[in-house]
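Secondary and tertiary structure notes
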Amino acid sequence: GTAGGGELLVLVDVGMPGLDGAATTAAIRELPDRRASRVPVIGLVAGDSLRDREICRDGGLAGHLAKPVDIGELRQAVDRWLGVEAERAVTVEVS
């Protein structure tokens, strides 16, 4: 999606079978759109272990967030990686 200024941020589940976070990040980086080489890809991980951090780092991800994701941490991540006002950039739908 895009935040107010057209900035992109991708959240991926690092542990998805078949197309995990590293494979997804590699596929994004190969896209012809020039933004694909610099879009922050953030991994969603089951925990916050050293191994989780290494998987994200080695896979070329910009960072990681532990699941379940805390909305406050997500807002901080958006602000850190996009430099936008997170209160306006993050929309959460509750059903």
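Please refer to the structure placed before this passage.
Computed from a predicted model, the values in this text were never measured in an experiment.

A look at helix α3 (residues 71–82)
Given a rise of 1.5 Å per residue, twelve residues ought to cover 16 Å, and the 16 Å separating the end C-alpha atoms of α3 matches this to within 8%. Turning to α3, its buried residues number three or more, namely Leu74, Ala77, Val78 and Leu82. Looking straight down α3, one finds that the buried residues subtend no more than 100° of arc, so they occupy a single side. Facing away from the buried side of α3 by more than 90 degrees, the exposed set consists of Gln76 and Arg80. With a side-chain oxygen positioned 3.0 Å from the backbone nitrogen of Gly72, the residue opening α3 is Asp70. Among the residues trailing α3, Gly83 stands out with phi positive, at a value near 65°.

Focus on the sheet that holds strand β1 (residues 10–13)
The three strands lie next to each other as β1-β2-β3, forming an open sheet whose pairing is parallel. The sheet is open, and its two edges are formed by β1 and β3 (63–66), each paired on a single side. Strand-to-strand twist across the sheet, computed as the mean angle between neighbouring axes with direction ignored, equals 30°. The sheet contact formed by strand β2 (residues 41–45) and β3 spans four bridges and is parallel. Paired with Leu44 across the strands is Leu65, a residue of β3. Taken strand by strand, helix α1 (residues 21–29) contacts β1 and β2, and its axis lies near 145° from that of β1. Its contacts with the sheet put α3 on β1, β2 and β3, and the angle it makes with β3 is roughly 170°.

Rules and cut-offs
Residues numbered from 1 in each chain as written. Predicted model: local features only at pLDDT ≥ 70, side-chain atom pairs only at ≥ 80, totals over all residues. Heavy atoms only, no water. Helix = DSSP H or I, 4+ residues; strand = E, 2+ residues; numbered from the N terminus. Expected span 1.5 Å × (residues − 1). Buried < 20%, exposed > 50% of the residue type's maximum accessible area, 1.4 Å probe, protein only. Arc of directions from axis to C-beta. Polar contact = N/O pair within 3.5 Å; in protein donor to acceptor, adjacent residues only side chain to side chain. Pairing = 2+ DSSP bridges. Axes fitted to C-alpha atoms, helices over the stretch in contact; angles between N-to-C directions. Contact = heavy atoms within 4.5 Å.

By themselves, these are just geometric observations and shouldn't be taken as functional.
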